[in-house]
Amino acid sequence: MTSLLILNGPNLNLLGMRQPEIYGSEMLADVSASCIAHGASNGYAVTCFQSNHEGDLVDTIHDAKGTHDGIILNAGAYTHTSIALADAIVGTEIPTIELHISNVYAREAFRHKSYIAPVAVGVICGFGTAGYVLALNAMIGHLGAAS
Ligand code: CA2
């Protein structure tokens, strides 16, 4: 079965607990459950992982090689700073979609820079937590088109 990894970076464990005007009121566990159910109903295995630590995220991308066929990555603030995450995506050659809950281009200028976007298949942002399922559908379409 094709396997997809949803990887969430720093502070996304706070989803649903703070700043609902930006990030909505859904908890990360509920978003993850919806993604797993959506994957299952389309014949895909979905695994979700969150870490606040850059190195853990790098390790998880490395470990995804040979296990997962695509990655949906909301790298949080590391999107705007992390060459290490970009290098991990390039190094593993796993198709990756960059995802953001908020429209980062309607926010502070420092959120307009992404180290992930140039090495990603594409970017989805600004659709709230619904973006996770949008990204899953995009990855399913991308992998289907590639095979
Ligand atoms: O919009 C997104 O998904 C972001 O990746 C979220 C990051 C932010 O640094 C990026 O620029 C855009 C921040 C994640 C913080 O998540 C929270 C969720 C609820 C309450 C507080 C923080």
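Now for a quick tour of the structure. (Residues numbered from 1 in each chain as written. Predicted model: local features only at pLDDT ≥ 70, side-chain atom pairs only at ≥ 80, totals over all residues. Heavy atoms only, no water.)

Each pair of packed helices gets described by two things: the angle between the helix axes and the distance between those axes. Contact geometry of helix 2 (residues 28-41) with helix 5 (residues 131-146) gives a least axis separation of 9 Å together with a crossing angle of 30 degrees. Relative to helix 5, the element helix 2 is oriented roughly parallel. Crossing geometry of helix 2 relative to helix 5 is assigned as right-handed. Residues Val31, Cys35 and His38 of helix 2 touch helix 5, and the partners they reach there are Tyr132, Val133, Leu136 and Asn137. A class-by-class count of the residues in the contact of helix 2 with helix 5 yields 5 nonpolar, 2 polar and no charged. (Axes fitted to C-alpha atoms, helices over the stretch in contact; angles between N-to-C directions. Helix = DSSP H or I, 4+ residues; strand = E, 2+ residues; numbered from the N terminus. Parallel < 35°, antiparallel > 145°, perpendicular 65-115°, else oblique. Left-handed = near helix turned anticlockwise from the far one by under 90°. Contact = heavy atoms within 4.5 Å. Nonpolar A, V, L, I, M, F, W, Y, C, P; charged D, E, K, R; others polar.)

Our next topic: the layout of surface pockets. In this structure, the largest pocket occupies an estimated 350 Å³ of space. Lining the largest pocket we find 18 residues, and of these Pro10, Asn11, Leu12, Tyr23 and Gly76 sit closest to its centre. Considering only residue class, the lining of the largest pocket consists of 8 nonpolar, 7 polar and 3 charged. (1 Å grid on protein atoms, 1.4 Å probe; cavity = no way out; pocket = protein on both sides within 12 Å on 5 of 7 lines; lining within 4 Å. Points joined across faces, edges and corners; volume = space filled by probe spheres on them.)

Here strand 1 (residues 3-8) lies mainly inside the structure; 6 of its 6 residues are buried. Note: strand 1 against strand 3 (residues 70-74), 5 bridges, orientation parallel. Note that in strand 3 the partner of isoleucine 6 across the bridge is isoleucine 72. (Buried < 20%, exposed > 50% of the residue type's maximum accessible area, 1.4 Å probe, protein only. Pairing = 2+ DSSP bridges.)

This brings us to the sheet that holds strand 3. Strand order in the open sheet formed by 5 strands is 2-1-3-4-5, and the pairing between neighbours is parallel. Each of the sheet's edge strands pairs with one partner strand only, and the pair in question is strand 2 (45-50) and strand 5 (122-125). The average undirected angle you get between the axes of adjacent strands in this sheet is 20 degrees. For strand 4 (residues 96-100) and strand 5, the ladder comprises 4 bridges, and the chain directions are parallel. Note that in strand 5 the partner of histidine 100 across the bridge is cysteine 125. The strands touched by helix 2 are strand 1 and strand 2; relative to strand 2, the strand with the most contacts, the crossing angle is about 160 degrees.

The terminal C-alpha atoms of helix 2, which comprises 14 residues, lie 20 Å apart, in line with the 20 Å expected from a rise of 1.5 Å per residue. Of the residues making up helix 2, those classed as buried are Leu28, Val31, Ser32, Cys35 and Gly39. All buried residues of helix 2 lie within an arc of 100 degrees about the axis, which places them on one face of the element. Projecting away from the buried face of helix 2 at angles above 90 degrees are the exposed residues Ala29, Ala40 and Ser41. Buried residues belonging to helix 2 abut strand 1, strand 2 and helix 5. Phi turns positive one or two residues past the end of helix 2, at glycine 43, with a value near 85 degrees. (Expected span 1.5 Å × (residues − 1). Arc of directions from axis to C-beta.)

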